[in-house]
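Below are the chains, spelled out letter by letter.
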Amino acid sequence: MSRTVINGFSKLTKDEKVAWVAAQMDEQASARQILKDFWHPDPEVQRVLDGFSENTLSNFPMPFGVVPNMLINGKLYTVPMVIEESSVVAAASASAKFWLDNGGFRAEVTDTIKLGQVHFRWSGAAARRDQLFGGLQQRLLAEAAYLTENMEKRGGGILGMEWLHLPDIAPDYYQLLVRFETCNSMGANFINSVLEQMASTLGDWAANEPGLQTSERSVEVIMAILSNYTPECLVKAWVSCPVEDLNGICGEGGYNFARRFELAVRIAAGDPYRAVTHNKGIFNGIDALVLATGNDFRAVEACGHAYAARSGRYASLSSCSIEDGLFTFSLELPMALGTVGGLTRLHPLAKLSLALLDNPDARELMQITAAIGLAQNFAAVRSLVTTGIQQGHMKMHLQNILNHLGATAEQHAAARDYFSDKVVSFSAVRSFLEK
């Protein structure tokens, strides 16, 4: 079907937008009805949801589930997860229960430093930076003070900055690399506002600073923006138990299971093809909790993958060791999370998620998130080195296949019973229903 060009779409009412979009489709009435079927029945809630994005036509529901029995640093949590893959929640729940009986998860935050950059060209000589930076830094801080005042009262603000010269990018390219503490806020808006003020100060400094030579008065600001790579905003989670406590996992002896598990993790450390899938499993858990709490899963994942490649080779984010009869499995990665600002308090379910977690601060939320990522990773590797990933995954996927094939409630029950000890596949389920 051909599409038409429209001007001023964002200025239309919501009903007008829905009507226009539906008119672009063959089944106009059906499309319009589907979009409206997913509007929230409470107009006030829908008004809030509409405000989160531009050109909102409807809502796209995702399953909201929980992982109970997550023992982290001696505290018991019920962890909310928003994800469409049922096997993820089931696997994380199984891990949580296993480690509940084996000491639980431990986690700690190394630091919470976030970064921002002002990128610019400067006509001066790089050797002059040391002479000029002290005065420039004072001015940058002074003129940004109106933005940092409230954050400083909460214990945050600007922690420091560097003036870098990176001639490999361009001979006259420089940047201000600024370190921030944003407390319980993820801090993107705060950081970007401060950086844009610094960019303005930088231009005025070059034009009017008395001590500058004529050849040093040209500054071209290219951009001012936070970095989602925050290698100094680190969290670590780990589990540990005697090897004999692993006896019986999927019928394995403890030592044999630990040996196979440790090698599987080592493979992910040395083989990028395996590492990508390995780390994807970690983010199955992390993203689901980040989404549930209204945080930015795209920033968290981009940062984590960059950290996984920090050596120049993409590798596993988790590691495993067997030493003196002790099995230890750990995860370390950077993540910038917030519990105030953004959607964390505006989205009703994000607010509820944080309440379910006993309203943690940002550091505690980082620890919970790292632990759920480790739980999911443990479950995936455990399946891989024992029964295989498909046994559990496809059994959880059975319901989706049955729904796709239009099975009745009676057929659902019969299929669950029939496939309890059989391999699940789309063709096998379809054949079963046909019989």
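For the structure, check the block above.
Structure report, in brief. (Residues numbered from 1 in each chain as written. Predicted model: local features only at pLDDT ≥ 70, side-chain atom pairs only at ≥ 80, totals over all residues. Heavy atoms only, no water.)

Overview of the layout of surface pockets
Here's step 1: Here the largest pocket defines a volume of roughly 1,400 Å³.
Here's step 2: What lines the largest pocket is a set of 42 residues, and nearest its centre among them are Phe52, Leu291, Gly294, Leu343 and His347.
Here's step 3: Of all the secondary structure elements, the ones that give two or more residues to the lining of the largest pocket are α3 (43-50), α7 (188-208), α9 (272-292), α10 (297-308) and α11 (348-356).
Here's step 4: Of the residues assigned to the lining of the largest pocket, the class counts are 22 nonpolar, 17 polar and three charged. (1 Å grid on protein atoms, 1.4 Å probe; cavity = no way out; pocket = protein on both sides within 12 Å on 5 of 7 lines; lining within 4 Å. Points joined across faces, edges and corners; volume = space filled by probe spheres on them. Helix = DSSP H or I, 4+ residues; strand = E, 2+ residues; numbered from the N terminus. Nonpolar A, V, L, I, M, F, W, Y, C, P; charged D, E, K, R; others polar.)

With respect to the packing of α9 against helix α12 (residues 362-384)
Here's step 1: Look at α9 against α12: their axes get within 8 Å of each other, and the N-to-C directions meet at 135°. Considered as vectors, α9 and α12 are oriented oblique to each other. Like other packed secondary-structure pairs, α9 and α12 cross with a definite hand, here right-handed. Where α9 abuts α12, its residues Arg274, His278, Gly281, Ile282, Asn284, Gly285, Ile286, Leu289 and Val290 lie against Ile368, Thr369, Ile372, Gly373, Gln376, Asn377, Val381 and Leu384. (Axes fitted to C-alpha atoms, helices over the stretch in contact; angles between N-to-C directions. Parallel < 35°, antiparallel > 145°, perpendicular 65-115°, else oblique. Left-handed = near helix turned anticlockwise from the far one by under 90°. Contact = heavy atoms within 4.5 Å.)

What about the pattern of salt bridges?
Here's step 1: If you walk through the whole model with that rule in mind, you get 18 salt bridges.
Here's step 2: For the salt bridge of Asp101 with Lys97, the shortest nitrogen-to-oxygen distance reads 3.1 Å.
Here's step 3: With its nearest N and O atoms 3.2 Å apart, the salt bridge here joins Asp296 to Arg298.
Here's step 4: Asp296 sits in the partly exposed class, given a relative accessible area of 28%.
Here's step 5: Note on Arg298: relative accessible area 53%, which makes it exposed.
Here's step 6: One connected set of salt bridges, linked through shared partners, spans Arg139, Glu143, Asp204 and Glu209. (Salt bridge = Lys/Arg side-chain N within 4 Å of Asp/Glu carboxyl O. Buried < 20%, exposed > 50% of the residue type's maximum accessible area, 1.4 Å probe, protein only.)

Notes on the packing of aromatic side chains
Here's step 1: Per the stated rule, a full pass over the model turns up 21 aromatic pairs.
Here's step 2: Look at Trp122 and Tyr174: their rings are 5.5 Å apart centre to centre, the planes differ by 75°, and that puts the pair in the edge-to-face class. In this pair, Trp122 sits in strand β4 (residues 114-122) while Tyr174 sits in strand β6 (residues 173-181), placing the two residues 52 residues apart along the sequence. No difference in accessibility class separates Trp122 from Tyr174, as the two residues are buried.
Here's step 3: Look at Phe261 and Phe327: their rings are 5.4 Å apart centre to centre, the planes differ by 75°, and that puts the pair in the edge-to-face class. Of the two residues, Phe261 sits in helix α8 (residues 254-270) while Phe327 sits in strand β10 (residues 326-334), which places them 66 residues apart along the sequence.
Here's step 4: Note on Phe261: relative accessible area 0%, which makes it buried.
Here's step 5: Under the relative-accessibility criterion, Phe327 is labelled buried at 0%.
Here's step 6: Among the aromatic residues, those joined into a cluster by ring pairs are Phe98, Trp99, Phe257, Phe261, Phe327, Phe329 and Phe378.
Here's step 7: Above the ring of Trp39, the side-chain terminus of Lys14 is found at 4.2 Å from the ring centroid.
Here's step 8: Positioned above the aromatic ring of Tyr307, the side-chain terminus of Arg310 is 3.8 Å from the ring centre. (Phe/Tyr/Trp six-rings, centres within 6.5 Å; stacked < 30°, edge-to-face > 60°. Lys NZ or Arg CZ within 6 Å of the ring centre and 35° of its normal.)

So, the state of the cysteines
One way to say it: the disulfide is the covalent bond shared by the sulfur atoms of two cysteines.
Here's step 1: Tallied over the full model, the rule gives zero disulfides.
Here's step 2: A disulfide-free cysteine, Cys241 has its sulfur positioned 9.9 Å from the sulfur of Cys320, the nearest such atom.
Here's step 3: Using a relative accessible area of 3% as the deciding quantity, one classes Cys241 as buried.
Here's step 4: Exposure remark for Cys320: the relative accessible area of 13% places this residue in the buried category. (Disulfide = S-S within 2.5 Å.)

Points about the nonpolar core
Here's step 1: Among the nonpolar cores identified, the biggest contains 62 residues, and Met70, Val79 and Phe327 are the most heavily contacted of them.
Here's step 2: The leading source of residues in this core is α12, at ten residues.
Here's step 3: Once you skip the residues sitting within four places of it in the chain, Phe327 turns out to touch Trp99, Val239, Ser240, Cys241, Val243, Leu246, Ala258, Phe261, Cys320, Ser321, Ile322 and Phe378.
Here's step 4: Formed by 31 residues, the second largest nonpolar core is a distinct cluster that contains Val118, Leu140, Val178 and Leu226. (Core = buried A, V, L, I, M, F, W, Y, C linked by side-chain atoms within 4.5 Å.)

Functional significance is not addressed by these values, which are geometric in nature.
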